[in-house]
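Architecture and fold: a report
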Amino acid sequence: MSGTFQSLLRKPSPSRRPASQKDSHLVIVGNGMISAKVCEALIAERLNTHLKITVIGEEKTPAYNRVKLSTYIDHGDAKKILTHPLHWYSKNKITLKTGIRVTSIERDSKTLSLSSGEHLTYDHLLLATGSRPLVPPISGCDSDKVFLYRTLDDLDQIIEATKGKKAATVIGGGLLGLEAAQALQSLNLETSVIERAHSLMPLQLNQRAAEILEQKITAQKIKLHLGINDITITEPTNCDHLELLLDQKTTIKADLVIISTGIKPNSEIAEDAGLPTGGRGGIVVNGHLETEDPHIFAIGECALLHGRTYGLFAPGYAMAKHFAARFSGKKLRPLEPLDLSTRLNILGISASTIGEPLQEGLRLEFRSGDTYRMIVLGRKRALLGALAIGPWHETGQIQSNYLNTFKISRKQEAHFLEHGELFPQKTTEDPALWPNSRIVCNCLNVSKGQINTCLLACQNDPDLVAKKTGASTICGSCAPLLAELCGTVSTVKKPRLSISALLITSVIALLATLSTIAFPGVSMADSVESTWYKIDQLWRDKFIKQITGYSLVGTFLIGLIISLRKRFSWFTWGHFTTWRFFHSAFGLTSLGVLWLHTGFHFGSNLNFWLMAVFVALNILGAVAGIITAIESKGTWAAARRLRPILTWAHLILFWPLPVLITFHVMSVYLY
């Protein structure tokens, strides 16, 4: 097993690259949220135009949003939580088979056996089978009054069973268990929660955060039974209710019980086909979601990536994008461990986790009333994670810092311990409270109003909103803001090396440009016998001056062309931060060529103004580059306001330059 797993972690050979050749057949087993996201990503890559795609789902209903499962209790309309209606699949040339289960995989013949009796061949197979509820060994859990909380069918059964009932109990105090408790409360049932751990949500919250959550939940008249190791469920004779004996001490009554104690990957079908799986389930994949079989991939909750399964939707969405992009033939780096950040609203209580806040590190805590915030710092004060109970308007900016592993200063630490914030209040205003005219995306001038207009149509999906409006598709610095407006979290990770290179190059360019003002130009030789006379021919010889002059114009034009990358929203090749770095690098190069052309002599009249504009342009560009890098690092929120001002000043100052250069060239050749 370990040898196989290590071999999968190695960089795949060219033969392992998915081939999306015309008329090949991709079969996706599973029709949940991640499967639907894969379909969206394949369509975005235009693979549905020449690739035969078949999706097989075990549930009768097309893919639906499990995050909104509890809302089904309020309206009872499954269509309201569908990710896409049935006709969407046919419209995009995707064959959808619902209510059918894959019973076996024959890898040699690339054939699937279906519960309908059919046999389906494939060229490429993507397993998106998800997970199922994990049911612990509880005596009496086979009663017809005990339910699971996972699918629409489960909810239909629960809704029917609660008619005329008064009390219900949830076994499981994790995220899924609390969601079930919220659903039961909305059905006007007296609700209690039983949890084996000594606190709620033990995988996400520390003891202090859990205590505040428990106080808030208890205030909503939900009874909590924590630290329970043994549960026995019985149904007394001639009674219409259940009795739960807790640790052989306490007995509670309930008309029905919901078990929601975690999930287990649906990986048995892969294991039966001889594919490696983990000890606790999960199909072993490498960083490109490839299994041991070069024609079979796995994604979402059923996949074991870097030795762990991911039960959250954001990591699943990241996998979906990666799979589709790589399947289209793009060269991508293997997936790294995925972000586990999440933002929840449990029983009306806001809870946020960023990264993995329960790992070891320097813990900084803030508590005020029923608000609790905690951040964890690692080596060199890098942000490892954060969590909060209660609203925290900084979560988007903090997550951006976490994703880019930037450091927290001691000043920020002191501010957090005193005020519960890492950044000044003015710079972390809740974007939801912004006026519609406020600009969210500086690159394409996209306002909050434009984003709000398409939120409903785009199902609050940041990717769809970005595609429709262009916001965050250029430099990506507004991705956390866009995610906040969509009510989710950003998973955008900027290339750190490009950001650091941009900062270093811009600082050097600024110092070099300022040196042209602070120090006199190159001294010219006063004798033809001087050794320096041979060198200063650079500034005396007309032909050399022409070469350096045209080189300067050429270098400047290349830098200008690179800066136009953001002007075309359809042009998305390469991260914009990398383009910015090359723009600043060419600006720095132009300073070197400027020295060869002028020796940093400002001259007089026309030459003086040309030199002054050129130097001022480089100063503004260098400062804009520094501010941009700081904004990307997230260490100074005011940079977001300064950057567009400097950028526009840089652009405005550019316009006199072509005119001045034209007159300069004319003066050389005509006089």
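Above this text you will find the structure in question.
Read on for an overview of the structure. Since the model is a prediction, treat every value here as computed from it, not as a measurement. (Residues numbered from 1 in each chain as written. Predicted model: local features only at pLDDT ≥ 70, side-chain atom pairs only at ≥ 80, totals over all residues. Heavy atoms only, no water.)

1. Considerations on the packing of helix H12 (residues 448-455) against helix H13 (residues 462-469)
- Where H12 contacts H13, the two axes come as close as 10 Å, and the packing angle between them is 120°. Put simply, H12 runs oblique to H13. As H12 runs across H13, the sense of the crossing is right-handed. Within the contact between the two elements, H12 uses Gln 450, Ile 451, Cys 454 and Leu 455 and H13 uses Val 465, Lys 468 and Thr 469.
- Looking at the contact of H12 with H13, its residues break down into four nonpolar, two polar and one charged. (Axes fitted to C-alpha atoms, helices over the stretch in contact; angles between N-to-C directions. Helix = DSSP H or I, 4+ residues; strand = E, 2+ residues; numbered from the N terminus. Parallel < 35°, antiparallel > 145°, perpendicular 65-115°, else oblique. Left-handed = near helix turned anticlockwise from the far one by under 90°. Contact = heavy atoms within 4.5 Å. Nonpolar A, V, L, I, M, F, W, Y, C, P; charged D, E, K, R; others polar.)

2. Things to note about the packing of aromatic side chains
- Tallied over the entire structure, the rule returns six aromatic pairs.
- Geometrically, the ring pair formed by Phe 297 and Phe 323 is edge-to-face, given 5.4 Å between the ring centres and 70° between the ring planes. In this pair, Phe 297 sits in strand E19 (residues 296-298) while Phe 323 sits in helix H9 (residues 313-327), placing the two residues 26 residues apart along the sequence.
- We classify Phe 323 as buried; its relative accessible area is 2%.
- Judged by centre distance (6.0 Å) and plane angle (40°), the ring pair of Trp 392 and Phe 416 falls under tilted. Highlighted residues: Trp 392 in the loop between strand E25 (383-389) and helix H10 (395-403) and Phe 416 in helix H11 (residues 410-419), separated in sequence by 24 residues.
- Using a relative accessible area of 6% as the deciding quantity, one classes Trp 392 as buried.
- Aromatic rings pair up to connect Phe 297, Phe 323 and Phe 327 into one cluster. (Phe/Tyr/Trp six-rings, centres within 6.5 Å; stacked < 30°, edge-to-face > 60°. Buried < 20%, exposed > 50% of the residue type's maximum accessible area, 1.4 Å probe, protein only.)

3. Some thoughts on the sheet that holds strand E13 (residues 231-234)
- Sheet architecture is open: three strands sit in the order E13-E14-E15, paired in antiparallel fashion. Looking at the sheet topology across the chains shown, the edges are occupied by E13 and strand E15 (250-254). Ignoring strand direction, the axes of neighbouring strands in this sheet form an average angle of 20°.
- Relative to strand E14 (residues 242-246), E13 runs antiparallel, the two being bridged by four bridges. Residue pairing across strands places Thr 234 opposite Glu 243, the latter belonging to E14. (Pairing = 2+ DSSP bridges.)

4. Examining unusual backbone geometry
- For Arg 46, which is not a glycine, the phi torsion comes out positive at approximately 60°.
- Checked against the element boundaries, Arg 46 lands in the loop between helix H2 (33-44) and strand E2 (52-56).
- Notably, Asn 188 is not glycine yet its phi reads approximately 60°, a positive angle.
- Position of Asn 188 among the secondary structure elements: in the loop between helix H6 (175-186) and strand E11 (190-195).
- On the accessibility criterion, Asn 188 (70% relative accessible area) is exposed.

5. Quick look at the pattern of salt bridges
- Per the counting criterion, the structure on display carries 16 salt bridges.
- Salt-bridge contacts for Lys 37 lead to Glu 40; the nearest nitrogen and oxygen are separated by 3.0 Å. Within this pair, Lys 37 and its partner Glu 40 are both found in helix H2, separated by three residues, close to a single helical turn. With respect to class, Lys 37 is no different from Glu 40; both count as buried.
- For Arg 132, the salt bridge is made with Glu 268, and the minimal N-O distance between the two is 2.8 Å. In this pair, Arg 132 is assigned in strand E8 (residues 131-133) and Glu 268 in helix H8 (residues 268-272), connecting sequence segments 136 residues apart.
- A cluster of three or more residues bridged by salt bridges with shared partners is formed by Lys 145, Lys 165, Glu 235 and Asp 240. (Salt bridge = Lys/Arg side-chain N within 4 Å of Asp/Glu carboxyl O.)

6. Observations concerning helix H5 (residues 152-161)
- All of the buried residues in H5 are Leu 152, Asp 154, Leu 155 and Ile 158. Burial along H5 is one-sided: seen end-on, the buried residues are contained in an arc of 150°.
- Of the surrounding secondary structure, the elements contacted by the buried residues of H5 are helix H3 (72-75), strand E9 (146-148), H6 and strand E16 (256-259). (Arc of directions from axis to C-beta.)

7. Some points on the sheet that holds strand E6 (residues 119-121)
- Pairing is antiparallel in the open sheet, where three strands are placed in the order E4-E5-E6. Two strands in the sheet have a free side with no partner beyond their single neighbour: strand E4 (102-106) and E6. Going from strand to strand, the sheet's axes swing by 25° on average, the running direction of each strand aside.
- Pairing of E4 with strand E5 (residues 111-114) involves four bridges; the strand directions are antiparallel. Along E5, the bridge assignment pairs Glu 106 with Thr 111.

8. Describing the packing of H2 against H9
- Contact geometry for H2 and H9: axes closest at 8 Å, N-to-C directions at 35°. Considering the relative orientation of H2 and H9, their crossing is right-handed. Across from Met 33, Ile 34, Lys 37, Val 38, Ala 41 and Leu 42 in H2, the residues of H9 making contact are Phe 313, Gly 316, Tyr 317, Ala 320, Lys 321, Phe 323 and Ala 324.

9. Observations regarding a nonpolar patch on the surface
- Residues Val 659, Phe 663 and Met 666 make up a contiguous nonpolar surface patch of roughly 280 Å² in combined accessible area.
- Along the chain, Val 659 turns up in helix H22 (residues 656-670). (Patch = residues over 30% accessible without salt bridge, like charges linked within 9 Å, V, L, I, M, F, W, Y side chains within 5 Å. Areas by Shrake-Rupley, 256 points an atom, 1.4 Å probe, with all protein chains shown as cover.)

10. Observations regarding the side chain of Glu 394
- Relative to the helices and strands, Glu 394 is located in the loop between E25 and H10.
- Although Glu 394 is buried, it makes no salt bridge; Arg 373 carries the closest opposite charge, 5.6 Å away.
- Looking at Glu 394, its side chain comes within polar contact range of the main-chain nitrogen of Leu 422, at 2.9 Å. (Lys, Arg positive; Asp, Glu negative; His and termini not counted. Polar contact = N/O pair within 3.5 Å; in protein donor to acceptor, adjacent residues only side chain to side chain.)

11. Concerning H11
- Inspection of H11 places Gln 412, Glu 413 and Phe 416 among the buried residues, and these make up the whole buried set. Within H11, the buried residues cover an arc of 105° as seen down the axis, which keeps them to one side. The exposed residues of H11 that point more than 90 degrees off its buried face are Arg 410, Lys 411 and Glu 418.
- Tucked inside the fold, the buried residues of H11 contact strand E23 (362-368) and strand E24 (371-377).
- Taken from the residues just after H11, Gly 420 is the one with a positive phi, measuring 80°.

Scope: geometric values only; no functional claims are made or implied.
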